[in-house]
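The lines below spell out each chain.
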Amino acid sequence: MASWLGGLGSGLGQSLGQVGGSLSSLTGQISSFTKDILLEGAEEVGDAATELYVSNSRLREIESINAAQKLENERLKKVCSDLEEKHEAAELQIKQLSVEYRNQLQQKEVEISHLKARQNALQEQLQKVQTAAQSAQSGAGSPPAATSATYVPAVRHPTGFEGDDMDFGDIIWSQQEINRLSNEVSRLESEVDHWKQIALSSKGQGRNDAEQSEICKLQNVVKELKQNLSQEIDEHQHELSVLQDAHRQKLVEISRRHREELSEYEERIEELENQLQQDGVSARAMDNSKISIQQNNSQSLDGGKVDKLQIVKDLEDEIRKLNHKLSSAKEENKNLLKEQELAKVEKIQIMQECENLKSNLSMLQSSVAEQDALLKEQEKKLRSKTSLPEDVIRLQQALLEAENEIARLSSLNQLKEGLTSAQHENESILSACTEDQNSELSQLRQDLERKEQELNESIAERETLIAELEELDKQNQDATQHMITLKEQLSKQHTETDCVIKQLKFDIDFERKKVSELETEKMETIQELDSQKEKLSQCSSALKDLHISKQQLQDNIKHLQQQLRETQGCNLHNKKEIGELQQKLKEREEELSLYSSKLTEKSTQESNNICQDLILKEREVEIAKLQNDILEKKQINEDLKKSLSDLRTENGKLITAIEELKGELSDAISEKNKIYLEKDTVAEALKMEKRQLESELHQSEKRILEQAQKYKQTIEELSNARNMDTTVLQLEHERLVKLSQEKDFKIAELKRNIEQMETDHQETKEMLTTSLGGQKQLTELLKEKEVFIEKMKNQTLQMKQELEEYMKASKKQDVLKQNLEEKDRNLAVMKEENNHLKEEIERLKDQQSRSMPVVEPKTLDIIIELESEVTQLKVIKTNLEEEMEVHKKTIEDLNQTTAQLQQSLQEQRKEIDESKFQCEQMNVTHERLSLEKDEEIKNLQRTIEQIKTQLHKERQIIQTDSSNLFQETKVQTLNGENGNEKHDLSKSEIERLVKGIKEREMEIKLLNEKNVSLSQQIDQLSKDEVGKLTRIIQEKDLEIQALNARVSSASYRQDVLCLQQQLQAYVMEREQVLAVLSEKTRENSQLKTEYHNIMDMVAAKEAALVRLQEENRKLCNRSENSSQDMSRETIQNLSRIIREKDIEIDALSQKCQTLLTVLQTSSTGTDNGSGGVNSNQFEELLQERDKLKQQVKKMEEWKQQVITTVQNMQHESAHLQEELHKLQAQISVESDSNSKLQVDYNGLIQSYEQNERKLKSFSQELAQVQHCIGQLHNTKDLLLSKLDLVTPPMAAASTIPQLSGVQYSTPEVLSDESKLFQKELEQLKKKLQEKDSTIRTLQENNQRLSDSVATASEIERKSQEETESEMRQIKEKHDVLQKSLREKDILIKSKSDQLLSVSENLSNKENENELLKQAVTNLKERNLILEMDIRKLKEENEKIIVTCREKETEFRALQETNMQFSMMLKEKEFESHSMKEKALAFEKLLKEKEQGKTGELNQLLNEVKSMQERAVTFQQERDQVMVALKQKQMESSALQSEIQHLREKEQRLNQELERLRNHLLEMEDSYTREALAAEDREVKLRKKVLLLEEKLASSSTAVENASHQASLQVESLQEQLNLVSKQRDETMLQLTISQDQVKQYALSLANLQMVLEQFQLEEKAMYSAELDKHQKQATEWRTKAESLEEKVVSLQERLGEANAALDAASRLTEQLDVKEEQIEELKKEGEIRREMLEDVQNKLMNLMNSTEGKVDKLLMRNLFVGHFHTPKNKRPEVLRLMGSVLGIKKEELDQLLTEDQRGVTRWVTGWLGGGAGSKSVPSTPLRPTHENIFNSSFSELFVKFLETESCPSLPPPKLSVHDMKPLGVAGTGKTSTTSSNSQIQDSAAVGVGRRPDTNPFLAPRSAAVPLVTPASSSGHLLMKPISDALPTFTPLPVSPDASAGAVLKDLLKQ
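Residues numbered from 1 in each chain as written. Predicted model: local features only at pLDDT ≥ 70, side-chain atom pairs only at ≥ 80, totals over all residues. Heavy atoms only, no water.

S.K.: Break down the overall build of the protein chain for me, with residues and values.
M.R.: On a plain count of helices and strands, the protein chain comes out with 30 helices and 0 strands. Counting across all 1950 residues of the protein chain, residues that qualify as buried make up 28%. Across the protein chain, the fraction of contacts at a sequence separation of at least 24, relative to all contacts at a separation of at least 6, is 91%. Surface exposure of the protein chain reaches about 128000 Å², of which carbon and sulfur atoms provide 56%. (Helix = DSSP H or I, 4+ residues; strand = E, 2+ residues; numbered from the N terminus. Buried < 20%, exposed > 50% of the residue type's maximum accessible area, 1.4 Å probe, protein only. Contact = heavy atoms within 4.5 Å. Areas by Shrake-Rupley, 256 points an atom, 1.4 Å probe, with all protein chains shown as cover.)

Next comes the structure, spelled out in structure tokens:
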């Protein structure tokens, strides 16, 4: 609606403005044209006075028309402003209505939710009642009739429409309408008076010209008034339609909600009906099932007579039960009938209520008719421009009442329908129940008869059906159960129907309550209407002075009441304030007395003057009034004193109460704070009252002075009047003076009212418009700032992205650095290896020089290869160093760029902060300016439009720049990504980024500067506005002073009253204006939101435009030339057409001038020519119009062509976009391939690194091998040196040439010595001979050594050959790797080439994309240019159209002038015809009378001249009479219309007078009633005061009593508190003691834990020591076991011998005796071992206590015993079984079994001991299986037979339940830290100790020594002595499998 109204208003405004502009231009052109023509005529025809007179009259007419046109312009402007105001008011009203309807919707939704919640609650209650009814029926069986009466009352608060009472916006609107209409009425009355005066004056003067002009003016005024009337009628009809639409919407909403509720209730009723139908269907189904069951029973009862008789009895019992049920159902039917009667009674009541409601409806219809009449009256009033808001309010109330009544009637109709449906349902249920029961009885009777017949028949068939009886029994039981369930279901259905009936009754009651609530709502609405009427009467009561005084008294009473209330809540501090008030009151009384004395003095001074009688009387009246006021004030003071005394007494009571209630200090402090605030407010209010009183006193003084001056003036005037001669003159003078004063006063009042109203309206309009404009400006500026901030954010985001990219690059550089470091390390390693290799090469060279020459070529090859490798490595090193330098440079560059970017980021952040601060400052300044801006919105709007255009241009520029920048950045990022693969980031990209950042910074600075300049412009504009405002205020001040000067002459009291009325009116208007302002602020907020949305849309559209521009630039290249040529041609054509038109207009004007000349110098012969010219001109004009139309059509066609071309461009741009998307997809695919290539490259690098690592490992192995070779060479050198020392000189010379020098030197020395010592030679010879012998031995040894060396050298050669072969393999592998590396390098190069080509393609495509984008941008620019051209062309078209219209108006004016000239021509023709006739007559006369006398001729000539003169005069008189007649006719028609208008006005004014009289009477009645009511209120208030005093006295006594009781209670409570505090102290002491104890316990616990831990550590140490011992013992035992196993092997060998020795069985007895001795010895050994075992068992028990068992004892025992019972062949199977039980894999088991038996035994023992102290329980030995019997030998079988025969048959051992205790008692928290060996040992020991295998040759030992010494009853289960139930045997110290072997061994020995 708002948008529609806004569009209407804007369209109307535009159309009216265009009409006004066209009219003004038309009038100007017409006036100028006519003036030119008339001036030319005056210049040319200066002779005829008649034509001058005509031209003057026409000039006046044209001037009057011009004035009328100006008035019409002003009127249209006013209409525009009024329409805008109405538009705004309508929008406000619509918004308020929408808000109210939304609130009402929310309220209704809340009510619906409450009702739903209540319905749920009632349903729950119903369910509870149903359950209770079921229980009652099951218990007593009485029908639940009482429950129907019980009803839970549902509270439902009445919620009427809040907004339906009276909209505040409606009040404001109606008040504005009243003010506007009153202003228009006053204006129209003044205009009517003015025109009447003019008419009177014009009649007196009798001027024809003035009368004509005034008649024209009056006609124009009448037209204006008619137009105004029609417009206002339309406006009021529009307003009525708006109201009707609003009320229709309300009615639609209410009806919709009503329908929804109806549909809900109908759904509920349908659900209930469905339930009832289901119940009926289920009952029928049950009856059918009963019949079927009985038929089955009858069929099944053919089996036997006895059973059938029993069944018959059962059926008879069932029939009896059914009869009982029937009786109960009949009772229920009776109850239902009673309920039906009650429902009928209720229905009758509801019918009565419906009749009442119908009567109410008829009343309402009558009221609606009355309201229609009122509406018609209101429309009449609206037509008479006196629309009152009361009728609107009444209409709204009547509509609301009608809506409520309709809703109530509809709800009652629903209730009726619900009741009737419920009754029908009840009747149908009752009928269905009775019919079902009757049908059941009849069917049962028929069944009984059938059954008797069947019984008679079944006696014969008894024998055949005995077998079926059992089945029949089962069926019978099922049937009986089914019958019971059916009965229960029936009872449930009955209860459900009862509940449904109850719910229906409940719904009826609920609906009744709803009706009552609706009635209460109606009453409340009526009361609200009454209260609103009272409010309206109170508002209108501000018109009279008496009511003002009464209101002041009421206000004083209210203030006093408020003061009383406030003082009742005050404390001690009120006394001081009361004292101050008394002092102030005394001062005021003194001031009043002073003023009264002054008044008396002034009155005495004035009484001395002349003619004081009247003045004295007036003064006495005033003094009496003042005395009455003083008396009233004294009474008020006395009342205040009384209230003060009352307050003092109350204060004393309150002091006592405060002293008693000191316990509640916290609450009292907050209350006191509130009271202090109230006191401050009271004091401020009193101060304000004091200031007001002082100001009023000053004003009264001024008034008295002014009155004195006025009285003096009046006295002087009266004295002057008395000085006149006669009394008649005096009376007339006085009367005239009074009349003049009254008229002046009235004129001043009217002027003031009009001016004030106009100024107020203008101010309000300007305020609203300026506030709107300022807010719009602010919103636009804020949006610009937001856009700027968003741009900054985008830039920051881009910077962040760039930073992230740089961070990625830095990460890549870090990775490169790491790679470089690794390569440096590799280089260092390679250098070391090179050094090692050089050393080894030198060593090898030395060795080659020493060793055999065979090895040299191989070593040379190796050296060459190594040297080549070294050179390669050096080359690699140099390359790596170069790469390092490059990377370092790039890293440094990147660091510099990152630093620069960080600096730029910081600068940008600073700039952003500064811009934010500036934005905040700008916001503050704009807020200040928005408060100051109240006028001249048009200038601001123009400036805003200019700014908008500038901003649009800037945005376009910025967007284009930003888009280019973004493209550049995107390209750069793509290039960077491609370049990362080559590991080189170029500096150019970084420089480009820096440039882009700098450019953006420059853009930001430019934007900031533009913002500053804009703000400066706005500041300047605001300053200009402030200056203009100040000027306007000064002008208004001057006008006010002038008006005051005028008003000062009028009487003062009337001025005061009028001013007071105006003040109240202004206060009301101010409130209205404030309300309007608040609504406007809301509108502003809504407009802001809409503006934001629109800006978002605009931004989106701008983005789309940018795209289209980019896409259209290409197309513009194609269509540039053609479009430019077209536009130029069109412009040229249009300019030609305009020139032609101008030429044609000039020609027409010339033709008009020639026509004028023709007319002036017209002759008899030029009659037909002029008419032809005129017709030709009109034909030419028509042809030109057709041509123009054709040209316009051509232009439109051209425009359509342009539009089609633009659409084609858009389609092409869409295709281009698709191609761009394809290219992007290709780029993404290529990027994916690049990523894959990168992955491959990384894999190759990793493989290369792996190969390098392998090379390193190989080089290390080589170094090791070379080191070994060097060691071998060293050993060889050592051996050779030893050989050199040992060999003689001769042998050495033959063998090694190097040692010859040494061997030759020795004999030379000997020869020298022989000369000196010849004696010693002989001795030496002997020694030499001895040495020769030794040398020979040594030579032999040397030969052996040489052989060994040769073998060693051969071994070395072999080893060297092996190493060489290994080296060759390594070289081959190295070559292969190098080949693979080269291949991979080639692959990498090829890939890199591919990448380069791809990147080149990408760059080419990107360049192409850039070119395309540039082309698109060019196309868009061209498109914009085209659009601009189109706009220009449109504007030119519009201008041409305007000019055409002007030309048309000129043509029309020319046509009118042509018509006038044609009329003149016709008159002239008539005159010429008459002249011709006269000339012919004269000629005839002359011819006749030529012969006559000359005297007669002269007479005749004279007569002819006189006749001609008379004819001329007659013609002139005839023309004048015709003109006068026309004028009189016009005047008569105008006067008739005026008379009708005045009659209508008189009727309206009479109606208004009657209404005002009635209103005055009503107001007087209401005032008298209010006065009486006020007196009654005063009496009531006094009574209330007395009652309150009595209540205060009683309350004071009660407070005293309560305080006494409270003090007693406080004392008792204090005593109780003391007791409680003592108890508390005691408990606190106990608590502290207990806490100390707890702390002590905690300390003791901690100590115990420490001791336990120490004990555990000690135990662990002990256990470890003992375990070592036991391990040693175990090793000894193992050795013994091995020896025993050897013995077993020997015994097995001797088994064959035992077969032969079995014949000697007679010797067994002797051998047994021997064995008994051996057994005794073994027993001794066993006792020793048992002691050992007991020690071990004690330790084991400790271990068992410390560690819990983890393996099942029985299972382990059985497996263990089974293992030892099986023969050795089958033991692996047993072990596999054990392994499968324990979950060991087959492979591990096979490995274990392939090892020796020791390993197996160890594994078994380890497994047995692995359970951390496993507790094996002894069990009976397993019996051998059949397979074991077949596999075992005869001797084993015999021994087992003896064992089985000798052993007593004992039951398997069982542990008693009482001796069992949980295992986890002693060993919790202790971990087994022992090693596996101890566990093995312990388990072995236990197994030995608890073995139940007995010796067959010994009796069972009952008195055996217990394993454990008997301890106390407390302790672990294992520590207890073995009970008697357990069989204990002495365990033999025999290895496993030795129970049968030992006996036979002894036998075989003997």
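S.K.: Any details on the pattern of salt bridges? Residues and values, ideally.
M.R.: By the definition in use, this model includes 28 salt bridges. Its salt-bridge partner being aspartate 317, residue arginine 320 comes within 3.3 Å of it at the nearest N-O pair. Of this pair, arginine 320 and aspartate 317 both sit in helix α5 (residues 305-383), 3 residues apart, which is roughly one turn of that helix. Since its relative accessible area comes to 52%, arginine 320 is described here as exposed. Since its relative accessible area comes to 33%, aspartate 317 is described here as partly exposed. Lysine 1080 is the salt-bridge partner of glutamate 1083, the closest N and O atoms lying 3.6 Å from each other. (Salt bridge = Lys/Arg side-chain N within 4 Å of Asp/Glu carboxyl O.)

S.K.: Account for the packing of aromatic side chains, naming residues and giving values.
M.R.: Counted by the stated rule, this structure contains 1 aromatic pair. When the ring of phenylalanine 1760 is compared with that of phenylalanine 1764, the centres are 4.6 Å apart and the planes differ by 70 degrees; the resulting orientation is edge-to-face. Separated by 4 residues within a single helix, phenylalanine 1760 and phenylalanine 1764 lie in helix α23 (residues 1753-1765), roughly one turn from each other. Given the relative accessible area of 12%, phenylalanine 1764 is considered buried. Above the plane of the ring of tryptophan 1677 lies lysine 1680, whose end atom (NZ or CZ) is 5.0 Å from the centre. (Phe/Tyr/Trp six-rings, centres within 6.5 Å; stacked < 30°, edge-to-face > 60°. Lys NZ or Arg CZ within 6 Å of the ring centre and 35° of its normal.)

S.K.: Can you explain a positive patch on the surface? Please cite residues and give values.
M.R.: On the surface, Lys558, Arg1577, Lys1580, Lys1583 and Lys1584 cluster together into a patch of positive charge. The element that contributes the greatest number of residues to the positive patch is helix α21 (residues 1494-1700), accounting for 4 residues. Counting through the fold element by element, arginine 1577 comes out in helix α21. (Patch = residues over 30% accessible without salt bridge, like charges linked within 9 Å, V, L, I, M, F, W, Y side chains within 5 Å. Lys, Arg positive; Asp, Glu negative; His and termini not counted. Charge placed at Lys NZ, Arg CZ, Asp CG, Glu CD.)

S.K.: Could you give an account of the packing of helix α24 (residues 1771-1782) against helix α25 (residues 1786-1794), with specific residues and numbers?
M.R.: Axis separation between α24 and α25 bottoms out at 11 Å; the angle between their running directions is 145 degrees. α25 is crossed by α24, and the crossing has right-handed handedness. For the pair α24 and α25, the contacting residues are Pro1772, Leu1775, Arg1776 and Gly1779 in the first and Leu1789, Asp1790 and Leu1793 in the second. Residue classes in the contact of α24 with α25 are distributed as 4 nonpolar, 1 polar and 2 charged. (Axes fitted to C-alpha atoms, helices over the stretch in contact; angles between N-to-C directions. Left-handed = near helix turned anticlockwise from the far one by under 90°. Nonpolar A, V, L, I, M, F, W, Y, C, P; charged D, E, K, R; others polar.)

S.K.: Before we move on, could you go through a nonpolar patch on the surface and cite the residues and values that matter?
M.R.: On the surface, Val1521, Met1522 and Leu1525 cluster together into a nonpolar patch covering about 270 Å² of accessible area. Relative to the helices and strands, valine 1521 resides in helix α21.

S.K.: Explain a negative patch on the surface residue by residue, including any values.
M.R.: Together, Glu261, Glu264, Glu266, Glu267, Glu270, Glu271 and Glu417 line one region of the surface with negative charge. Broken down by element, the negative patch gets its largest block of residues, 6 residues, from helix α4 (residues 208-300). Of note, glutamate 266 is situated in helix α4.

S.K.: Describe the packing of α21 against helix α22 (residues 1708-1746), and please don't skip the residues or the numbers.
M.R.: Where α21 meets α22, the closest approach of the two axes is 12 Å, and the angle between their N-to-C directions is 135 degrees. Classified by the angle between their axes, α21 and α22 sit oblique to one another. In this structure, the crossing between α21 and α22 has a hand that is left-handed. Between α21 and α22, the contacting residues are Tyr1663, Glu1666, His1670, Gln1673, Trp1677 and Lys1680 on the first element and Arg1729, Met1732, Val1736, Lys1739, Asn1742 and Leu1743 on the second. Of the residues belonging to the contact of α21 with α22, the class tally is 5 nonpolar, 3 polar and 4 charged. (Parallel < 35°, antiparallel > 145°, perpendicular 65-115°, else oblique.)

S.K.: So what about the confidence of the model for the protein chain? Which residues, and what values?
M.R.: Averaged over every residue, the pLDDT of the protein chain is 77; residues scoring 70 or more account for 78%. The weakest mean pLDDT in the protein chain belongs to helix α29 (residues 1876-1889) at 42; the strongest belongs to α21 at 89. With pLDDT under 50 throughout, residues 1288-1310 is counted as low confidence; its partners more than four residues away or in other chains account for 14 contacts. Taken together, the stretch residues 1850-1915 has pLDDT below 50 and engages in 105 contacts with residues farther than four places along the chain or on a different chain. (pLDDT = per-residue confidence, 0-100.)

S.K.: Please give an account of the side chain of threonine 897 that cites residues and values.
M.R.: Relative to the helices and strands, threonine 897 is located in helix α13 (residues 856-932). The class of threonine 897 is buried, set by a relative accessible area of 7%. A distance of 2.6 Å separates the side chain of threonine 897 from the backbone oxygen of leucine 894, its partner in a polar contact. (Polar contact = N/O pair within 3.5 Å; in protein donor to acceptor, adjacent residues only side chain to side chain.)

S.K.: I'd like to hear about the environment of asparagine 637, residue by residue, with values.
M.R.: Inspection of the secondary structure assignment puts asparagine 637 in helix α10 (residues 613-660). Residue classification places asparagine 637 among the buried positions, given a relative accessible area of 8%. Asparagine 637 sits 51 residues away from lysine 586 along the chain, and the two C-alpha atoms are 9.2 Å apart. If sequence neighbours within four positions are ignored, asparagine 637 has contacts with Leu585 and Glu589. A polar contact of 3.0 Å, which involves the side chain of asparagine 637, links it to the side chain of glutamate 589.

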